[in-house]
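Listed below are the residues making up each chain.
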2 protein chains.
Amino acid sequence: MPQMSSAHRPQTTTHVEANGRTYALPRRPTVVVCLDGFDPEYLERGIADGVLPTIAALRTKGYVGSALASIPTTTNTNNTSIVTGVPPAVHGINGNYYLDAETGEEIMVTDARRLRCGTILGAVSKAGVQTAVVTAKDKLLKVLAYEMDGIAFSSEQPNTADLSAVGASGGEELVGRARPDQYSADLSLFALDAGLKLLASLKPGLMYLSTSDYVQHKYAPGDAEANAFHAEVDKRIARMIELGATVALTADHGMADKAAADGQPNVVYVEDALTAKFGAGSVRVICPIADPFVRHHGALGGFVRVHLLKPGDIAAMMTYARSLPGVELVLDKATVCERFQLPPDREGDFAIFTDRATVIGARREDHDLSALGGHRLRSHGGIGEQRVPLILSRPLTPEYREWAETGVVRNLDVFDFALNGVS
Amino acid sequence: MPQMSSAHRPQTTTHVEANGRTYALPRRPTVVVCLDGFDPEYLERGIADGVLPTIAALRTKGYVGSALASIPTTTNTNNTSIVTGVPPAVHGINGNYYLDAETGEEIMVTDARRLRCGTILGAVSKAGVQTAVVTAKDKLLKVLAYEMDGIAFSSEQPNTADLSAVGASGGEELVGRARPDQYSADLSLFALDAGLKLLASLKPGLMYLSTSDYVQHKYAPGDAEANAFHAEVDKRIARMIELGATVALTADHGMADKAAADGQPNVVYVEDALTAKFGAGSVRVICPIADPFVRHHGALGGFVRVHLLKPGDIAAMMTYARSLPGVELVLDKATVCERFQLPPDREGDFAIFTDRATVIGARREDHDLSALGGHRLRSHGGIGEQRVPLILSRPLTPEYREWAETGVVRNLDVFDFALNGVS
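Residues numbered from 1 in each chain as written. Chains lettered and ligands numbered in written order. Predicted model: local features only at pLDDT ≥ 70, side-chain atom pairs only at ≥ 80, totals over all residues. Heavy atoms only, no water.

Looking at an unreviewed UniProt entry, one finds chain A named Phosphonoacetate hydrolase, with Methylobacterium soli as its source organism.

Pasting the structure below:
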């Protein structure tokens, strides 16, 4: 079992604290993988189709179960919950975009200025443990590597980090291939391969690898391309285990089919609907899943927040929204924040969730579905995509097994399981 | 500190297991109190009004926080979750009534035949610990005292148990007053007083006391009668602590105002609505809160299950139900069971939740609101009444404090906290 790097680690520290939670410093290299969009249906279908031999074996050699994601079930929100170990009410990141209350502008979250607390990676790195983060998408990196001493880069911009410690001039040299196209399965595999290279050379005590859900947005469980991608992921998990790492695998959110039998997307354009009923300039609808760098969902997901632009009848708007086909739940700000642990100063006047078969957007013109190119729309963001896998490569301690089998486990508990919960 | 009774306790057993969860045998007399209908608003208002001095002091001397109840937020469901430590999907009790699939009859749950697992009290009693249960209402007793060796009786039928061990011929003699009227605050205080008498004489290692929500259905937080009742409860908690017990206090569910500004109840008669739209004989609506022995809510709560009586368009019915004012959430059987851990073979074809300000019933004629007598309707059953207090009389261990402050705690975790989580 390779010994992990222990540069300047104080001998007396065995645990660190982050956001009120305690984490044991890793005794062996530990890798936490966030497999973006890894709905339990891909896990179940992959095992059934025989393309996930490593993960399938962990059902007896380790632990394979499920957990709940933060609401909204979007990438930024959940990656942040995972690396901080707390819900959005504490960490402050509740989507890819937010409406600036002063300017009225929609601002994209691209750095850590909206983050309200520290991260587990940051705390562990400051205790002297060699830490690393590799993501597929660059936009996440500044939050995930916030105040972290260590190596951090993305597949999109692989040559930005100082990799002299492993004798490479950049990520492309480390991995041994060119930066992949941002719209590709390989963007994710490149991040995992970079992690493998770091694991083999630098042996970081704690590493976080986060992929992109390009494949899951396009292909359904059981599709050849989905099976092929997850098989490639499974091989890399195997390799991490071979290299002596403890591996924990979860997802930021699930993924679901959002199209009707004829292939047409099931979409509620709720800003159009509210404008038609309550007048122009009544509301602004924010889609937390929106991302100008993402082609594959047209910014359509299972959750939106509605901001009133001028005084209006919130209750009437909520009642009306509730009546629209595909809408599952409409809650006012206080209720949605209390129920789902969201930050009240960052939520809209009310929130709308659609069911697992439907997506919701603002105005028809805001959403470009042409990029779907004939694929059935697949997306996430609502309560229907809250369930995600939670997988550990080693057996759980009796205490953590009891928690996993009888308690409530969230994806944001994955570092707790990985660092405190395995034997 | 009085030593608790240790009749025939095997010296080698320090823990028992119940439904996959481990519980330390109590080292001192432990009392778990389920204060029926104790919404956090009564706790907050009571502390603010100075009528809960004992509980208020526990904010520093012990622990005062909150937890989530099982859905539906009804008495039978939650008392069972609390004494088994697991959700309805495991224990099988999802309401006061169920629709017998074979006969089509509505059957009231009055004994343990629908219970699908053992209880914590049963397991602890069989390890040789002196155990006791006292409830206000008799209907609960058979489930709560299922397979439990020990003392069990109700305020409604106090003389049924063998109390020779404490030198009393029955509960009335033990407590020193006559059995109270079933519609009274004293029905609940009688149960707590019986517990105090048992604590002082028999010193049971583990005791469960469960009250009735007569007061909370009638009086709002801050009403004189509500403050008076909770002040009386607070005095009894103080006395239990004086007697050396570890006390844990939670509730089966919260309680909310369900009336409009003019005092008229906000009610959705959904069987009437569905019948009008889809035809007579389409559906049967079951109200899990219904109880022929309860006058104070007319069987109206925040949740119903709808059973189709003949093949029909479930999706259309659900969409229509969703459009009714006051309806918050409508989910099909698979989704409601997955999301709220309910037993699929015992749920309806779909479930309807109303918001915190509204109740839902079957047909207008099924619900007698005349017994309200001018009081504003107060009830529970939905997601709005899911938050309940969780209070311990002793400080939590660091591990349990971390769970309480950063994890998800449910009222069904109360025995875990009481037996495993205090120093």
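Draft legend 1. Layout of the overall build of chain A. When its secondary structure is counted, chain A shows 15 helices and 19 strands. For chain A, whose C-alpha radius of gyration is 21 Å, the value lies close to the compact-globule estimate of 22 Å for 423 residues. The dimensions of chain A, computed from C-alpha atoms along their principal axes, are 65 × 45 × 45 Å. Taking all 423 residues of chain A together, the buried fraction comes to 63%. Accessible surface for chain A amounts to roughly 14,900 Å². Of this, 49% is attributable to carbon and sulfur atoms. If you average the places of the 41 positive and of the 50 negative side-chain charges in chain A, the two averages end up 3 Å apart. (Helix = DSSP H or I, 4+ residues; strand = E, 2+ residues; numbered from the N terminus. Rg over C-alpha atoms; globule rule 2.2 N^0.38 Å. Buried < 20%, exposed > 50% of the residue type's maximum accessible area, 1.4 Å probe, protein only. Areas by Shrake-Rupley, 256 points an atom, 1.4 Å probe, with all protein chains shown as cover. Lys, Arg positive; Asp, Glu negative; His and termini not counted. Charge placed at Lys NZ, Arg CZ, Asp CG, Glu CD.)

Draft legend 2. Quick look at the environment of B:I237. Residues and elements named next belong to chain B. Within the element layout of this structure, I237 appears in helix α10 (residues 224-242). For I237, a relative accessible area of 3% corresponds to the buried category. Residues I237 and C34, spaced 203 residues apart in sequence, show a C-alpha to C-alpha distance of 12 Å. Residues contacting I237, with those up to four places away along its chain left out, are V33, T54 and V247. (Contact = heavy atoms within 4.5 Å.)

Draft legend 3. Molecular detail of the sheet that holds strand β16 (residues 350-354) of chain B. Residues and elements named next belong to chain B. Read across the sheet, 4 strands follow the order β13-β14-β16-β15 without closing on themselves; strand pairing throughout is antiparallel. Both edges of this open sheet fall to β13 (283-286) and β15 (327-332), since each of them pairs with a single strand only. Averaged over all pairs of adjacent strands, the angle between their axes in this sheet comes to 20 degrees, without regard to strand direction. Packing against the sheet, helix α11 (residues 270-278) makes contact with β13, β14 (303-308) and β16, and its axis sits at approximately 170 degrees to β13. (Pairing = 2+ DSSP bridges. Axes fitted to C-alpha atoms, helices over the stretch in contact; angles between N-to-C directions.)

Draft legend 4. Up close: the relation of the copies chain A and chain B. Aligned on chain B, chain A shows an RMSD of 0.0 Å; the corresponding rotation is 180 degrees and the shift along the axis is 0.0 Å. Viewed as a symmetry operation, the transformation between the two copies matches a two-fold axis. Scanning chain A for the C-alpha nearest the rotation axis identifies A:S323, at a separation of 2.3 Å. When the interface residues of chain A are mapped onto chain B, 100% of them are again interface residues, pointing to one common binding face. (Least-squares fit on C-alpha atoms with pLDDT ≥ 70 in both.)

Draft legend 5. Region of the structure containing helix α13 (residues 333-340) of chain B. Residues and elements named next belong to chain B. For α13, every residue scored as buried is listed here: V336, C337 and F340. Buried residues along α13 cover an arc of 95 degrees about the axis, so they all sit on one side. Those residues of α13 hidden inside the fold are in contact with β15 and β16. Two residues or fewer past α13, Q341 is found with a positive phi of approximately 55 degrees. (Arc of directions from axis to C-beta.)

Draft legend 6. Seen up close, the interface of chain A and chain B. With 21 residues of chain A at the interface, the matching set in chain B holds 21 residues. Buried area between chain A and chain B, summed over both chains or domains, comes out near 2,000 Å², and the portion from carbon and sulfur atoms is 42%. Applying the counting rule to chain A against chain B returns 4 salt bridges. A salt bridge links A:E338 to B:R387; the nearest nitrogen and oxygen atoms lie 2.3 Å apart. Linking chain A with chain B are 8 residue pairs in polar contact (both at pLDDT 80 or more). Elements that contribute at least two residues to the side of chain A that touches chain B include exactly β2 (21-24), β15 (327-332), α13 (333-340) and α14 (398-406) of chain A. (Buried area = accessible area lost by both parts, 1.4 Å probe. Salt bridge = Lys/Arg side-chain N within 4 Å of Asp/Glu carboxyl O. Polar contact = N/O pair within 3.5 Å; in protein donor to acceptor, adjacent residues only side chain to side chain.)

Draft legend 7. Summary view of the packing of helix α8 (residues 185-201) of chain A against helix α10 (residues 224-242) of chain A. Residues and elements named next belong to chain A. One way to put it is that α8 packs onto α10 with a least axis distance of 10 Å and a crossing angle of 5 degrees. As judged from the angle between their axes, α8 and α10 are roughly parallel. Contacts from A185, S188, L189, L192, D193, L196 and L199 of α8 reach α10 at F229, E232, V233, R236, R239 and M240. Of the residues in the contact of α8 with α10, the class split is 8 nonpolar, 1 polar and 4 charged. (Parallel < 35°, antiparallel > 145°, perpendicular 65-115°, else oblique. Nonpolar A, V, L, I, M, F, W, Y, C, P; charged D, E, K, R; others polar.)

Draft legend 8. View of the domain arrangement of chain A. Residue and element names in this part refer to chain A. Splitting chain A by domain gives domain 1 (27-255 + 382-420) and domain 2 (267-379). Computed from C-alpha atoms alone, the centre-to-centre distance between domain 1 and domain 2 is 27 Å. Listed as interface residues are 38 residues of domain 1 and, on the opposing side, 31 residues of domain 2. A combined buried area of about 3,300 Å² lies between domain 1 and domain 2, and 52% of that area is made up of carbon and sulfur atoms. (Domains from an automatic or database assignment.)

Draft legend 9. Expanded view of the sheet that holds strand β16 (residues 350-354) of chain A. Residues and elements named next belong to chain A. Read across the sheet, 4 strands follow the order β13-β14-β16-β15 without closing on themselves; strand pairing throughout is antiparallel. Both edges of this open sheet fall to β13 (283-286) and β15, since each of them pairs with a single strand only. In this sheet, adjacent strand axes meet at a mean angle of 20 degrees when their direction is disregarded. Those strands touched by helix α11 (residues 270-278) are β13, β14 (303-308) and β16, and its axis lies near 170 degrees from that of β13.

Draft legend 10. How the structure looks around the pairing of β2(A). Residues and elements named next belong to chain A. Note: strand β1 (residues 15-18) against β2, 4 bridges, orientation antiparallel. If you follow V16 over to β2, its bridge partner there is Y23. Between β1 and β2, which pair antiparallel in sequence order, lie 2 residues; one of them, N19, sits at a positive phi of approximately 55 degrees.

Draft legend 11. Structural context of the environment of B:D213. When you line up the elements, B:D213 lands in the loop between β9 (206-210) and α9 (214-218). With 111 residues separating them along the chain, B:D213 and B:E102 place their C-alpha atoms 33 Å apart.

Draft legend 12. Here's a closer look at the nonpolar core. The biggest cluster of nonpolar side chains holds 88 residues, and the ones touching the most others in it are B:V33, B:F153, B:L198, B:Y208, B:M240, B:L392 and B:F415. Here this core gets 8 residues from one element, more than from any other, and that element is helix α8 (residues 185-201) of chain B. Once residues lying within four places of it in the same chain are set aside, the contact partners of B:F415 are B:Y23, B:V32, B:I82, B:V83, B:I120, B:L121, B:L206, B:Y208 and B:N420. The next biggest cluster of nonpolar side chains, apart from the first, holds 86 residues, and it includes A:I82, A:A123, A:L140 and A:L209. (Core = buried A, V, L, I, M, F, W, Y, C linked by side-chain atoms within 4.5 Å.)

Draft legend 13. Representation of the packing of aromatic side chains within the structure. Counted under the stated rule, the structure contains 14 aromatic pairs over all chains. Here B:Y400 and B:F417 contribute two aromatic rings whose centre-to-centre distance is 5.1 Å and whose plane-to-plane angle is 90 degrees, an arrangement assigned as edge-to-face. Highlighted residues: B:Y400 in helix α14 (residues 398-406) and B:F417 in helix α15 (residues 414-420), separated in sequence by 17 residues. By the ring-pair criterion, three or more aromatic residues cluster together here, those being A:F303, A:F340 and A:F353. (Phe/Tyr/Trp six-rings, centres within 6.5 Å; stacked < 30°, edge-to-face > 60°.)

Draft legend 14. How the structure looks around the confidence of the model for chain A. Residue and element names in this part refer to chain A. Scored by pLDDT, chain A has a mean of 93; 96% of the residues are at 70 or more. Taken together, the stretch residues 1-11 has pLDDT below 50 and engages in 25 contacts with residues farther than four places along the chain or on a different chain. Across the interface, the model reports ipTM at 0.92; the global pTM reads 0.94. (pLDDT = per-residue confidence, 0-100.)

Draft legend 15. Structural context of the side chain of A:S81. Residues and elements named next belong to chain A. Inspection of the secondary structure assignment puts S81 in helix α3 (residues 75-84). Exposure remark for S81: the relative accessible area of 0% places this residue in the buried category. With near-sequence residues (within four places) excluded, S81 lies in contact with S70, V86, P87, P88, H91 and L412.

Draft legend 16. Fine view of the pairing of strand β7 (residues 131-135) of chain A. Residue and element names in this part refer to chain A. Of all the 5 residues making up β7, 5 are buried; the element is thus mostly covered by neighbouring parts of the structure. Across the two faces of β7 the burial is the same, with T131, V133 and T135 and A132 and V134 all buried. Two elements, β7 and strand β9 (residues 206-210), share 5 bridges in a ladder whose sense is parallel. Paired with V134 across the bridge in β9 is L209. In this structure, β7 lies alongside strand β8 (residues 151-154), joined through 4 bridges in parallel fashion. Across the sheet, V134 pairs through a bridge with F153, a residue of β8.

Draft legend 17. Inspection of the pattern of salt bridges at higher detail. Residues and elements named next belong to chain A. Across all of its chains, the model carries 48 salt bridges over all chains by this definition. Here R363 and D366 are joined by a salt bridge, their closest N and O atoms 2.8 Å apart. What makes R363 partly exposed here is its relative accessible area of 31%.

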